[in-house]
Amino acid sequence: MAHEEHCARVQPFLDRDTETWSYVVYDREGGSAAIVDSVLNFDSASGRTSSRGAEELVSFIQEKDLTLEWILETHAHADHLSAAPFLRQQLGGRIGIGEHICQVQKIFRDVFNLEREFLADGSQFDHLFKDGETFQVGKLTAKVIYSPGHTPADMAWLIGDALFVGDTLFMPDVGSARCDFPGGDASELYRSVRKILSLPDQTRMFMCHDYPPKGKRGYQCETSVGEQRRENIHLRDGVAEEDFVVVRRKRDATLSVPRLIVPSVQVNIRAGQMPPAESNGTVYLKVPLNQL
């Protein structure tokens, strides 16, 4: 029984448009669940949103007769919009993120010159998690691992024996996340990854994104701590911090700005809520010129 209580059941969902993996993690059928890194579909040409991907998560939770306790964000994503408010409306649960989201909110409040009423205090979320904090998902014990570098606010979630790393590591043949966003730092990412890879080798590790090398394989979402230590092309055992920083900065200098960064950040620092409607009843998202 003790082993069963430690072993998380994980159902992945892939949004192919943004190459994002979302997860339902639960203790048992008829038990409790958390959702990690949900996606709200967004068409940038028309400005229209859709909940079609999130509805798949809702259907799965209902089919398994699960109680949704948590809607977790590893960080404020820059490549997709969060569906957290829609999921909370449909299923209940609490929206959680790391406490350092306040730092990210302050950065982008200024970039987007947000309305005076916007508070950079994390109050848009139901709970701000601290490094090392523990909580329950039914019979599963979860632990929070602070993992900055990609952004100042990244968290990894260890739920039972399943680790959700967000944008720190990718599959071993893809490597690591970029560190050139405001507040990002390659040295911090290196140290975060070493902390993550100090977990037992058999720990299951689930990615937030996969960018398969062209023609070599299909999309994958799961690896292990041991596999990452042996095979990660950027951060396997034996790679020194200074060498990684050089490689990461050189790589980041070649990357384009994420396609959906402008809408994503404005929405995700609000826990997935849209900005307030203007006097005509319409919601608008800003595009800051020559800033990003």
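Residues numbered from 1 in each chain as written. Predicted model: local features only at pLDDT ≥ 70, side-chain atom pairs only at ≥ 80, totals over all residues. Heavy atoms only, no water.

A. Molecular detail of the nonpolar core. Counting 42 residues, the largest nonpolar core has V24, L87 and I269 as its most contacted members. In terms of residue count, helix α2 (residues 52-63) provides more of this core than any other element does, 5 residues in total. Apart from the residues within four sequence positions on either side, V24 is in contact with R9, V10, Q11, F13, A33, A34, I35, L57, F60, I61 and L66. (Core = buried A, V, L, I, M, F, W, Y, C linked by side-chain atoms within 4.5 Å. Buried < 20%, exposed > 50% of the residue type's maximum accessible area, 1.4 Å probe, protein only. Helix = DSSP H or I, 4+ residues; strand = E, 2+ residues; numbered from the N terminus. Contact = heavy atoms within 4.5 Å.)

B. Spatial organisation of the packing of α2 against helix α3 (residues 84-91). The geometry of α2 relative to α3 is characterised by a closest axis approach of 10 Å and an angle of 30 degrees between their N-to-C directions. Here α2 is positioned roughly parallel relative to α3, judged by the angle of their axes. α2 and α3 meet at a crossing whose hand is right-handed. Two secondary-structure elements touch here, α2 through A54, E55, L57, V58, I61 and Q62 and α3 through F86, L87, Q90 and L91. (Axes fitted to C-alpha atoms, helices over the stretch in contact; angles between N-to-C directions. Parallel < 35°, antiparallel > 145°, perpendicular 65-115°, else oblique. Left-handed = near helix turned anticlockwise from the far one by under 90°.)

C. Expanded view of empty space enclosed by the protein. Within this structure, the stated rule accounts for 1 cavity of 30 Å³ or more. Considered as a void within the structure, the largest cavity measures approximately 80 Å³ in volume. What lines the largest cavity is simply A76, A78, V104, F108, T151, F181, P182, I261, V265 and I269. Of the residues assigned to the lining of the largest cavity, the class counts are 9 nonpolar, 1 polar and no charged. (1 Å grid on protein atoms, 1.4 Å probe; cavity = no way out; pocket = protein on both sides within 12 Å on 5 of 7 lines; lining within 4 Å. Points joined across faces, edges and corners; volume = space filled by probe spheres on them. Nonpolar A, V, L, I, M, F, W, Y, C, P; charged D, E, K, R; others polar.)

D. Broad picture of the packing of helix α5 (residues 186-196) against helix α7 (residues 241-252). Orientation of α5 relative to α7, taken along the N-to-C sense of each, is 125 degrees, at an axis distance of 9 Å. Considering the angle they form, α5 stands oblique to α7. With respect to the hand of their crossing, α5 and α7 are arranged in right-handed fashion. Counted together, A186, S187, L189, Y190 and R191 of α5 and E241, F244, V245 and R248 of α7 form the full contact between these two elements. Its residues placed into classes, the contact of α5 with α7 shows 5 nonpolar, 1 polar and 3 charged.

E. Geometry of α2. Along its 12 residues, α2 runs 17 Å from first to last C-alpha, staying within 8% of the 16 Å computed at 1.5 Å per residue. Residues of α2 that are buried: A54, L57, V58, F60 and I61. The arc that holds every buried residue of α2, seen down its axis, measures 160 degrees, which confines them to one face. Pointing more than 90 degrees away from the buried face of α2 are the exposed residues R52, Q62 and E63. In the core, the buried residues of α2 are packed alongside β1 (9-15), β2 (20-26), β3 (32-36), β6 (67-72) and α3. Phi turns positive one or two residues past the end of α2, at D65, with a value near 55 degrees. (Expected span 1.5 Å × (residues − 1). Arc of directions from axis to C-beta.)

F. View of unusual backbone geometry. Even without being a glycine, D37 presents a positive backbone phi close to 55 degrees. Relative to the helices and strands, D37 is located in the loop between β3 and β4 (41-43). Assessed through its relative accessible area of 2%, D37 is described here as buried. Although it is not a glycine, N113 sits at a positive phi angle of roughly 45 degrees. Assignment of secondary structure puts N113 in the loop between α4 (101-111) and β8 (127-129).

G. The arrangement of the environment of K195 in detail. Relative to the helices and strands, K195 resides in helix α5. Separated by 68 residues in the primary sequence, K195 and H127 have C-alpha atoms spaced 24 Å apart.

H. Structural view of the side chain of T168. Relative to the assigned elements, T168 resides in the loop between β12 (162-164) and α5. Owing to a relative accessible area of 0%, T168 belongs among the buried residues under this scheme. A polar atom in the side chain of T168 sits 2.9 Å from the backbone oxygen of V165. Those residues in contact with T168 that lie beyond four places of it in its chain are S147, S176, A177, L189 and I196. (Polar contact = N/O pair within 3.5 Å; in protein donor to acceptor, adjacent residues only side chain to side chain.)

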